[in-house]
Amino acid sequence: MSTIQFDEGRLMQVLVAPIVSEKATMVAEKSNAVTFKVLQNATKPEIKAAVELMFKVEVKGVSVVNTKGKAKRFGKTMGRRDNVRKAYVTLKEGQELNLSGEAA
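Keep in mind it's a predicted model, so treat the numbers as computed, not measured.

## A few points about the pairing of strand 5 (residues 77–80)
Alright, step 1. Where strand 4 (residues 71–74) and strand 5 come together, 4 bridges link them in antiparallel fashion. From the neighbouring strand, Ala 71 faces strand 5, where its bridge partner is Arg 80.
Alright, step 2. If you look at the hairpin formed by strand 4 and strand 5, you'll find 2 residues sitting between the two strands, and Gly 75 has a positive phi there, around 65°.

Written out as structure tokens, the structure reads:
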């Protein structure tokens, strides 16, 4: 499939967590895309390879959004939320991703 070879250990770390929110669910229903929180330095080809490796599905495309962390107050002290990199992974027609953890 892809000519680039990635380190499997690195690919296992690229996807931090699936994002479950109203927006993510809406996008999933509308365009067959799944949303993940990914490493700050993850590239689109890496994200694609990681999803294909871990979930055994075919990926059509990957869109990435960088969100800057907000400054928030924790009691007296000011702190910052972490910067977040989100990946919207569009799956090919007929492909489905099972996030509940059960093997297909």
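So that's the structure; there's more coming.
## A few points about the sheet that holds strand 1 (residues 15–18)
Alright, step 1. With antiparallel pairing, 4 strands are arranged side by side in an open sheet as 1-2-6-3. Single-partner strands in this sheet number two, and they are strand 1 and strand 3 (59–67). For this sheet, the mean inter-axis angle between neighbouring strands, taken without regard to orientation, is 30°.
Alright, step 2. For strand 2 (residues 33–38) and strand 6 (residues 84–91), the ladder comprises 6 bridges, and the chain directions are antiparallel. Looking at strand 6, one finds that Thr 35 is bridged to Tyr 88.
Alright, step 3. In this fold helix 2 (residues 22–31) packs onto strand 2 and strand 6, with an angle of close to 140° to the strand it touches most, strand 2.
Alright, step 4. On top of the sheet, helix 3 (residues 44–55) reaches strand 1, strand 2, strand 3 and strand 6; it is set at about 125° to strand 3, its chief contact.

Thresholds applied
Residues numbered from 1 in each chain as written. Predicted model: local features only at pLDDT ≥ 70, side-chain atom pairs only at ≥ 80, totals over all residues. Heavy atoms only, no water. Pairing = 2+ DSSP bridges. Helix = DSSP H or I, 4+ residues; strand = E, 2+ residues; numbered from the N terminus. Axes fitted to C-alpha atoms, helices over the stretch in contact; angles between N-to-C directions. Contact = heavy atoms within 4.5 Å.

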